[in-house]
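Per-entry structural report
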Amino acid sequence: MLRDLVLLLRRTVAGQPVTSQQLGVLASLERGPRRMTALAEEHGVQLPTMTVQINRLEDAGLVARGTDPDDARVRTVELTTEGRERLHAGRQARIAHLTRELEALTDDERSALAAALPVLGRLGRS
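These figures come from a predicted structure and were not determined experimentally. (Residues numbered from 1 in each chain as written. Predicted model: local features only at pLDDT ≥ 70, side-chain atom pairs only at ≥ 80, totals over all residues. Heavy atoms only, no water.)

A count of helical and extended segments in the protein gives six helices and three strands. Reading the protein from its N terminus to its C terminus gives the helix and strand order α-α-β-α-α-β-β-α-α. Here the protein, with 126 residues, has 26% of them falling under the buried criterion. By sequence separation, contacts in the protein at least 24 residues apart represent 48% of the contacts at least 6 residues apart. Surface exposure of the protein reaches about 8500 Å², of which carbon and sulfur atoms provide 54%. Charge centroids of the protein, computed over 18 positive and 17 negative side chains, lie 3 Å from each other. (Helix = DSSP H or I, 4+ residues; strand = E, 2+ residues; numbered from the N terminus. Buried < 20%, exposed > 50% of the residue type's maximum accessible area, 1.4 Å probe, protein only. Contact = heavy atoms within 4.5 Å. Areas by Shrake-Rupley, 256 points an atom, 1.4 Å probe, with all protein chains shown as cover. Lys, Arg positive; Asp, Glu negative; His and termini not counted. Charge placed at Lys NZ, Arg CZ, Asp CG, Glu CD.)

Applying the stated criterion across every chain yields a total of seven salt bridges. One salt bridge connects Asp68 with Arg35, and the closest N-O pair in it is separated by 3.1 Å. Linking Asp68 in strand β2 (residues 63-68) with Arg35 in strand β1 (residues 34-35), this pair joins segments that are 33 residues apart in sequence. The class for Arg35 is partly exposed, based on a relative accessible area of 35%. (Salt bridge = Lys/Arg side-chain N within 4 Å of Asp/Glu carboxyl O.)

Geometry only, nothing functional implied.
Structure, rendered in structure tokens:
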């Protein structure tokens, strides 16, 4: 069931220039610069894997690297203006797609989904 939900969310950005995984990384940077190690940990990947993602996003002009003000040896990553715009566009595409999918459900199906959301939210925070 959760696999199907993940696939549904991935389909919402099909054809977009940014993958769903990249949108996830962009969203992680929305509140400000982050260390690469923190990003890798949050996304459950090894640092080299996150480095590849960040390199691609940097090449696309969506993120910029910087240094940690507390430790100049530490590299950080932050959103560029283009990155914020792309994140917003990706969210809008997801919302539009999910809206169409939800409108196709019956009232009972929407009620069941609404009842499940708090539990799914709790799972996502654990």
